[in-house]
Amino acid sequence: MEWIIGVCVVMGMLLMSWWILLYGKNDEKTMGKGKVPKGNSGWPLLGETLDFIASGYTSSPVTFFEKRKYLYGNVFKTCILGSNVIISTDPDVNKVVLQNHQGNFVPAYPKSIRELMGEQSILKMNGTMHKKVHTLIAGFLRSPHFKARITRDIEHTVKQCLASWTSHQPIYVQDQVKRITFPVLVKVLMSVGPGEELDFLYREFAEFIKGLICLPLKFPGTRLYKSLKSKDRMVKMVRKIVEERKKLRIDNDADDEGDAVKDVLEALLRDKGDSSSSARLSPDMISQNIIEMMIPGEETLPTAMTMALKFLSDSPIALSKLKEENMELKRLKTNCSEDYAWTDYMSLPFTQNVISETLRMANIVNGIWRKSLNDIEIKGYLIPKDWCVMASLTSVHMDEKNYENPFKFDPCRWEKIGAVAGCNSFAPFGGGNRLCPGLELSRLELSIFLHHLVTTYRWVAERDEILYFPTVKMKRKLPICVQPISA
Ligand code: HEM
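If you're wondering where the values come from, they're calculated on a predicted model, not measured in any experiment.

Across its full length, the chain carries 20 helices and 14 strands. When its C-alpha atoms are laid out on the principal axes, the chain stretches across 85 × 55 × 50 Å. Burial statistics for the chain: of 487 residues in total, 37% are counted as buried. Taking all contacts inside the chain whose residues are at least 6 apart in sequence as the whole, residues at least 24 apart take part in 73%.

Quick look at the structure:
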């Protein structure tokens, strides 16, 4: 018995010395006037991970941040998920990190996610190559021609999904909205419509993303291994499409002048390469990136749709105002028998405020992780080389200094602050050179979904709870009972 106690004591002392060696020295580190922010590195190995995760499982995920903000200030240090991290809840510091003008920060993802991404993934790459790929994709997704065309596809998919809802049984919103967002995303990326190929991608992608948060072990039988196999199968299929499209372009001697770009795949295929940012994008790289773009595109938007419905179900006044605005547009369009233009959906001010308020409160991407390549000083805080920094979006969105009564779903607040919506305190789509290229598509899809939903059905939502960890979700998938409005 004594020897067990002895071993425990020696191990305890060893861990303690290792801990002091590892973290103690950083506290003293300074550069110019900057100091490593105050904070606690928690337990050896574990750091403050347990507290961080436990807070994510509560109904108020900002508790972890609030506690430390109170003790150490708006920017503090901690150690979570095995990394030294500086957490910023300060909008100005977040802005500098996201803008990344000097190229000092690179994306930092957990190991399992890094394993699933190719070396040349837009999510991982940096410098001129990243700038080129980001510009090609964002430029295409922002173009009015694309928005006009995709509006028809979104309307069709939304109407088809809503038409399948019946009043006899509960509709599980969280699952249903994926029947809208996934086909639209695949269409946007590579113009694949309903059929075998889409079903194949849906199945394989579901398998692939199971590996995003898992143990980073890669051998037959492990989760990560299975996910990588699914990715290989998808890349093989996409690669075939890329080769076919490439051949077609050569056969038709496409000069691209005046022709509108059809999808993201074509936007990437049209790249001719240049001296500053290296050679043309290879078919393999294009195929990988098409699959990897599904990662940020697939989970976020359906969650935003589900959360909008949840917040509206709990806010009858906002719901009735939204319905009034959308019914008015529907009447107008019916009376003059005109199709909707994408600008019709985007010009409804209250609907846009509902979307902003949903994004502020849902915090689908709760924070943005970066790793610093050098010692960096921001606003007097030192971020040491090789440390992670997390720009917490949730803390900024839920801070009463930035938003009065921040836990209240109040779309009307945007009537006052709408003019400064681009300010540092609202960044659901990130910012700087990695600003989400799917921003405008997401807002358009949300607007079309809300329009057809509130002008087709009234509904009652069953009791459900929002979970915030590891990703934002409804505990029971948000069951609702619908009634057609004319009934
Ligand atoms: C409500 C929906 C969405 C939200 C809240 C959202 C949020 C974000 C955020 C915060 C980032 C920045 C990540 C970082 O800086 O590391 C990002 C990046 C990105 N998003 Fe979105 N996103 C949404 C929808 C979409 C959609 C529909 C697509 C695809 C069409 C998309 C594609 C991307 C891509 C490719 C990036 C990486 C950009 C880069 O690193 O250059 N997102 N998104």
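With that settled, consider the site of the ligand. Close contacts around the ligand come from 23 residues, with Gly 297, Thr 300, Gly 430, Cys 436 and Gly 438 the closest. Elements with a minimum of two residues in the shell around the ligand: helix H14 (294-313) and helix H20 (439-456). Ranked by residues supplied to the shell around the ligand, first place goes to H14 with five residues. By residue class, the composition of the shell around the ligand is 16 nonpolar, six polar and one charged.

Mapped onto the present numbering, the UniProt feature "binding site: heme" (unreviewed entry) falls at Cys 436. Looking at where Cys 436 falls in the secondary structure, it is placed in the loop between helix H19 (413-417) and H20.

Turning our eyes to something else, we now look at the nonpolar core. Of all hydrophobic cores here, the largest spans 102 residues; its most connected members are Ala 308 and Val 389. When neighbours within four sequence positions are excluded, Ala 308 is seen to be in contact with Val 354, Thr 358, Leu 446 and Leu 450.

With that settled, the discussion passes to the pairing of strand E10 (residues 388-392). Taken across its five residues, E10 has five buried, putting it largely inside the fold. Covered by surrounding structure in E10 are Cys 388, Met 390 and Ser 392 together with Val 389 and Ala 391, the residues of both alternating faces. Pairing of strand E4 (residues 83-88) with E10 involves four bridges; the strand directions are parallel. Each residue of the ladder has a partner; that of Ile 86, found in E10, is Val 389. Here strand E7 (residues 367-372) pairs with E10 via five bridges, running antiparallel. Each bridged residue has a counterpart across the sheet, and for Ile 368 the counterpart in E10 is Ala 391.

The next thing to look at is the packing of helix H9 (residues 178-190) against H14. Between H9 and H14, whose axes approach to 9 Å, the crossing angle comes to 155°. Between H9 and H14, the angle is such that the two are roughly antiparallel. The element H9 and its partner H14 pack so that their crossing is right-handed. Across the interface between the two elements, Lys 178, Thr 181, Phe 182 and Leu 185 of H9 pack against Met 294, Gly 297, Glu 298, Leu 301 and Pro 302 of H14.

Let us look at the confidence of the model for the chain. Confidence along the chain averages 88 in pLDDT terms, with 91% of residues attaining 70 or more. The low-confidence segment residues 1-30, where pLDDT is below 50, has twelve contacts with residues more than four positions distant or belonging to other chains.

All right, on to the pairing of E7 then. Of the two faces of E7, the one lined by Ile 368, Arg 370 and Ser 372 is fully buried and the one lined by Gly 367, Trp 369 and Lys 371 carries no buried residue. The pairing of strand E5 (residues 105-107) with E7 spans three bridges and is classified as antiparallel. By the bridge assignment, Phe 105 is partnered in E7 with Ser 372.

Moving on, we get to the packing of helix H17 (residues 349-362) against H20. Direction vectors running N to C along H17 and H20 enclose 115°, while the axes themselves pass 10 Å from each other. As for how H17 packs across H20, the hand of that crossing is right-handed. Along its contact with H17, which presents Thr 351, Val 354 and Ile 355, the element H20 presents Arg 443, Leu 446, Ser 447 and Leu 450. A class-by-class count of the residues in the contact of H17 with H20 yields four nonpolar, two polar and one charged.

Conventions used here
- Residues numbered from 1 in each chain as written.
- Predicted model: local features only at pLDDT ≥ 70, side-chain atom pairs only at ≥ 80, totals over all residues.
- Helix = DSSP H or I, 4+ residues; strand = E, 2+ residues; numbered from the N terminus.
- Buried ≥ 20, exposed ≤ 12 C-beta atoms within 10 Å, placed from the backbone.
- Contact = placed C-beta atoms within 7 Å.
- Near = placed C-beta within 6 Å.
- Nonpolar A, V, L, I, M, F, W, Y, C, P; charged D, E, K, R; others polar.
- UniProt positions renumbered as here; feature names shortened; annotations may be inferred.
- Core = buried A, V, L, I, M, F, W, Y, C linked by C-beta atoms within 7 Å.
- Pairing = 2+ DSSP bridges.
- Axes fitted to C-alpha atoms, helices over the stretch in contact; angles between N-to-C directions.
- Parallel < 35°, antiparallel > 145°, perpendicular 65-115°, else oblique.
- Left-handed = near helix turned anticlockwise from the far one by under 90°.
- pLDDT = per-residue confidence, 0-100.

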